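Structure assessment
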Amino acid sequence: LHDALPISDRRVRRAAQRGVEQVAAGAGDTACCLLGMGICAEEEVFLSCGSTDNLVRLASRPQFDNGLVKSSFLDDRHWLNVGTTNASGAAIQWFVETHLGGSYERFLALCSQSEPGAGGVVFLPYLWGERTPLYDPHARAVFFGISGASGLANLARSVAEGVCLADRHILQTF
């Protein structure tokens, strides 16, 4: 494994001095995703989507001034800069269950009926506060830009776009 992953020689020597014959590395799900996708070059970014979204960038140094989570990665020379939303897929699920009777097919159809920009309706997906880069547990979701011409299709599309814009906010922070 030492040949497969860059575990530092110092750690291997220390383990050998203690009688350990093999050294294995373990990692959390985000780090393992990075390895599994073969991301090993600096500045590469991956997006993991679910109830929340994680955007992760491999870097040679931590960025302590940008509101992202930092984690060392594999060795002393690589860092993960991580941005995480608090509600992405969960925001879509909330909208679908609350306003569309649980029909994701209807959600997708409504989204396609509204032009990009959702007729000026904007949704901030802060249903349970927001994580990076805002770190505000009191932030709340909001629809704004609603007019008399706004319809359910605009609201649906604004939820989808709001999730994308929250991810973009993290990307701009990198």
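A few words on the nonpolar core. In terms of nonpolar packing, the biggest core is built from 19 residues, with Ala91, Ile92, Phe95, Leu100, Phe107 and Ala156 touching the most fellow members. Elements with a minimum of two residues in this core: helix H3 (89-99), helix H4 (104-113) and helix H5 (152-173). Beyond its immediate sequence surroundings of up to four residues, Phe95 is in contact with Leu100, Phe107, Phe143, Leu152, Leu155, Ala156 and Val159. Formed by nine residues, the second largest nonpolar core is a distinct cluster that contains Ala31, Val56, Leu58 and Leu80.

Contact geometry of H3 with H4 gives a least axis separation of 10 Å together with a crossing angle of 105°. Between H3 and H4, the angle is such that the two are roughly perpendicular. Across the interface between the two elements, Ile92, Gln93, Phe95, Val96 and His99 of H3 pack against Tyr104, Arg106 and Phe107 of H4. Partitioned by chemical class, the residues of the contact of H3 with H4 number five nonpolar, two polar and one charged.

Following Thr132, the chain continues to Pro133 via a peptide bond in cis, the omega torsion being -5°. On the secondary structure map, Pro133 appears in the loop between strand S5 (122-124) and strand S6 (142-144). In the Ramachandran plot, Ala118 falls in the positive-phi region, its phi being about 50° despite a non-glycine side chain. Relative to the assigned elements, Ala118 resides in the loop between H4 and S5. A residue is classified by how much of its surface remains accessible, and Ala118, at 0% relative accessible area, is buried. One non-glycine residue, Tyr135, lies in the positive phi region at around 50°. By the element assignment, Tyr135 lies in the loop between S5 and S6.

Before going further, it helps to examine the environment of Cys111. For Cys111, the position within the fold is in helix H4. Note: C-alpha distance between Cys111 and Leu155 (44 residues apart in sequence) is 8.4 Å. Apart from the residues lying within four places of it in its own chain, the contact partners of Cys111 are Ala156, Arg157 and Ala160.

In this structure the tally under the stated criterion is one salt bridge. Here Glu161 makes a salt bridge to Arg157, at a shortest N to O gap of 2.8 Å. Here the residue Glu161 and the residue Arg157 both occupy positions in helix H5, the gap between them amounting to four residues, near one helical turn.

Here we take up the sheet that holds strand S2 (residues 54-59). The four strands are arranged S1-S2-S4-S3 in an open sheet whose pairing can be described as antiparallel. Of all the strands in the sheet, the pair left with one neighbour each is strand S1 (45-48) and strand S3 (69-73). In this sheet, neighbouring strand axes are inclined to one another by 25° on average, regardless of whether the strands run parallel or antiparallel. Across the face of the sheet, H5 comes into contact with S1, S2 and strand S4 (75-84) while running at roughly 15° to S2.

The rules behind these values
- Residues numbered from 1 in each chain as written.
- Predicted model: local features only at pLDDT ≥ 70, side-chain atom pairs only at ≥ 80, totals over all residues.
- Heavy atoms only, no water.
- Core = buried A, V, L, I, M, F, W, Y, C linked by side-chain atoms within 4.5 Å.
- Buried < 20%, exposed > 50% of the residue type's maximum accessible area, 1.4 Å probe, protein only.
- Helix = DSSP H or I, 4+ residues; strand = E, 2+ residues; numbered from the N terminus.
- Contact = heavy atoms within 4.5 Å.
- Axes fitted to C-alpha atoms, helices over the stretch in contact; angles between N-to-C directions.
- Parallel < 35°, antiparallel > 145°, perpendicular 65-115°, else oblique.
- Nonpolar A, V, L, I, M, F, W, Y, C, P; charged D, E, K, R; others polar.
- Salt bridge = Lys/Arg side-chain N within 4 Å of Asp/Glu carboxyl O.
- Pairing = 2+ DSSP bridges.

These figures come from the coordinates and say nothing about function on their own.
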